[in-house]
Amino acid sequence: MRQYSIPALLVIAACAPAPDPVVLPETSLPFFGDGYPAAGDLCRNLGESAETVNYLDHTADLVGCPETMPDLDAFVAETGAREVFRQDGYVVYSIPTGI
């Protein structure tokens, strides 16, 4: 088995191709927070606006995710998200909070 030094491993890792970044489209959707379900995630909570008012519910989070987000299907399966509409390159989901 070959052994590599830490600096060599860092050089090898730096040469690996970076994943394609997700471009967040401009939108009038009222996003807030810094990620859903955790900070830094591409999905974000949505507040009240003309577009969202009919989908707000005290027993669910309203969340928007970029349509191009990797693993969007896995996100839906893990959170129990139900798609309610699409707008400006985002999929808007209602996600039960368990209340």
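Note: the structure precedes this text.
Let me sum up the structure you'll find in this document.

Structural notes on the pattern of salt bridges
Evaluated as defined, the whole model comprises two salt bridges. Across the pair Arg86 and Glu67 runs a salt bridge, and its minimum N-O distance is 3.3 Å. Taken together, the positions of Arg86 in strand E4 (residues 82-87) and Glu67 in the loop between strand E3 (60-66) and helix H2 (72-79) put the pair 19 residues apart, joining distant regions of the chain. Given a relative accessible area of 36%, Glu67 falls into the partly exposed group. Among the ionic pairs, Arg86 bridges to Glu83, the shortest N-O distance being 2.8 Å.

A few points about H2
Among all positions of H2, only Leu72, Phe75 and Thr79 are buried. Along H2, the residues classed as buried sweep out an arc of 55 degrees about the axis, all on the same side. For H2, the exposed residues lying more than 90 degrees away from the buried face are Asp73, Ala77 and Glu78. Tucked inside the fold, the buried residues of H2 contact strand E1 (31-36), strand E2 (43-46), E3 and strand E5 (90-96).

Let's talk about the environment of Phe85
Looking at the secondary structure, you find Phe85 in strand E4. Separated by 33 residues in sequence, Phe85 and Thr52 place their C-alpha atoms 9.2 Å apart. Residues in contact with Phe85, not counting those within four places in the same chain, are Leu29, Glu51, Thr52, Tyr55, Tyr90, Val91 and Val92.

Digging into the sheet that holds E2
Spatially, the five strands line up as an open sheet ordered E1-E2-E3-E5-E4, and their pairing is antiparallel. Each having just a single partner strand, E1 and E4 make up the two edges of the open sheet. With strand direction ignored, the average angle separating the axes of adjacent strands in the sheet is 35 degrees. Pairing between E2 and E3: two bridges, direction antiparallel. From the neighbouring strand, Arg44 faces E3, where its bridge partner is Gly64. Running over the sheet, H2 touches E1, E2, E3 and E5 and is turned about 15 degrees from E5.

Each value, and the rule that gives it
- Residues numbered from 1 in each chain as written.
- Predicted model: local features only at pLDDT ≥ 70, side-chain atom pairs only at ≥ 80, totals over all residues.
- Heavy atoms only, no water.
- Salt bridge = Lys/Arg side-chain N within 4 Å of Asp/Glu carboxyl O.
- Helix = DSSP H or I, 4+ residues; strand = E, 2+ residues; numbered from the N terminus.
- Buried < 20%, exposed > 50% of the residue type's maximum accessible area, 1.4 Å probe, protein only.
- Arc of directions from axis to C-beta.
- Contact = heavy atoms within 4.5 Å.
- Pairing = 2+ DSSP bridges.
- Axes fitted to C-alpha atoms, helices over the stretch in contact; angles between N-to-C directions.

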